[in-house]
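# Analysis of the macromolecular model
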Amino acid sequence: MISTPCLLDPAAEELKLRDISGGVAVARAARTLLGERFDSESFMYVLMRAYSVDFHAARDAARWQGFGESPRALSDADLEVLLAPWLATR
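This one's a predicted model, so the numbers in the text were calculated from it and none came from an experiment.

The subject of this paragraph is the environment of His 56. Inspection of the secondary structure assignment puts His 56 in helix 4 (residues 55-61). On the basis of relative accessible area, His 56 is assigned to the partly exposed category, the value being 48%.

Another aspect to go through is the environment of Leu 87. Structurally, Leu 87 can be placed in helix 5 (residues 76-87). When its relative accessible area of 13% is taken as the criterion, Leu 87 is described as buried. In this structure Leu 87 touches Gly 22, Gly 23, Val 26 and Tyr 51, once residues within four positions along its chain are discounted.

Moving on, we come to the pattern of salt bridges. Inspection of the entire model under this criterion finds four salt bridges. A salt bridge links Asp 9 to Arg 49, with the shortest nitrogen-to-oxygen separation between them at 3.3 Å. Linking Asp 9 in helix 1 (residues 5-17) with Arg 49 in helix 3 (residues 40-51), this pair joins segments that are 40 residues apart in sequence. Classification of Arg 49 by relative accessible area gives partly exposed; the value is 43%. Residues Lys 16 and Glu 13 are paired through a salt bridge, measuring 3.2 Å at the closest nitrogen-oxygen approach. Taken as a pair, Lys 16 and Glu 13 lie in helix 1 at a separation of three residues, close to a single helical turn.

At a minimum axis separation of 7 Å, helix 2 (residues 23-34) and helix 5 run at an interaxial angle of 90 degrees. In terms of their interaxial angle, helix 2 and helix 5 are classed as roughly perpendicular. Residues Gly 23, Val 24, Ala 25, Val 26, Ala 27 and Arg 28 of helix 2 pack against Asp 76, Leu 79, Glu 80, Leu 83 and Leu 87 of helix 5. Its residues assigned to classes, the contact of helix 2 with helix 5 comprises seven nonpolar, one polar and three charged.

Calculation criteria
- Residues numbered from 1 in each chain as written.
- Predicted model: local features only at pLDDT ≥ 70, side-chain atom pairs only at ≥ 80, totals over all residues.
- Heavy atoms only, no water.
- Helix = DSSP H or I, 4+ residues; strand = E, 2+ residues; numbered from the N terminus.
- Buried < 20%, exposed > 50% of the residue type's maximum accessible area, 1.4 Å probe, protein only.
- Contact = heavy atoms within 4.5 Å.
- Salt bridge = Lys/Arg side-chain N within 4 Å of Asp/Glu carboxyl O.
- Axes fitted to C-alpha atoms, helices over the stretch in contact; angles between N-to-C directions.
- Parallel < 35°, antiparallel > 145°, perpendicular 65-115°, else oblique.
- Nonpolar A, V, L, I, M, F, W, Y, C, P; charged D, E, K, R; others polar.

Set out below in structure tokens:
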């Protein structure tokens, strides 16, 4: 269940202001900021809002192994590579 944007926007803004490097660090910070609202959909949303990650990349990032085991889960290394173009432009 995705939360309404008004509940997620403050986390996205805070994430944008933090000096974070790397996709895994961003995911962990998002988890801390979102608390119980942290799931794959909320992670997609804050990535798009905080870092202007395009939809398809955010959707792929939502398959990160931090959400659970899946045959299609992205490893930490895969998440780093996937998000690098957006995190490098900060």
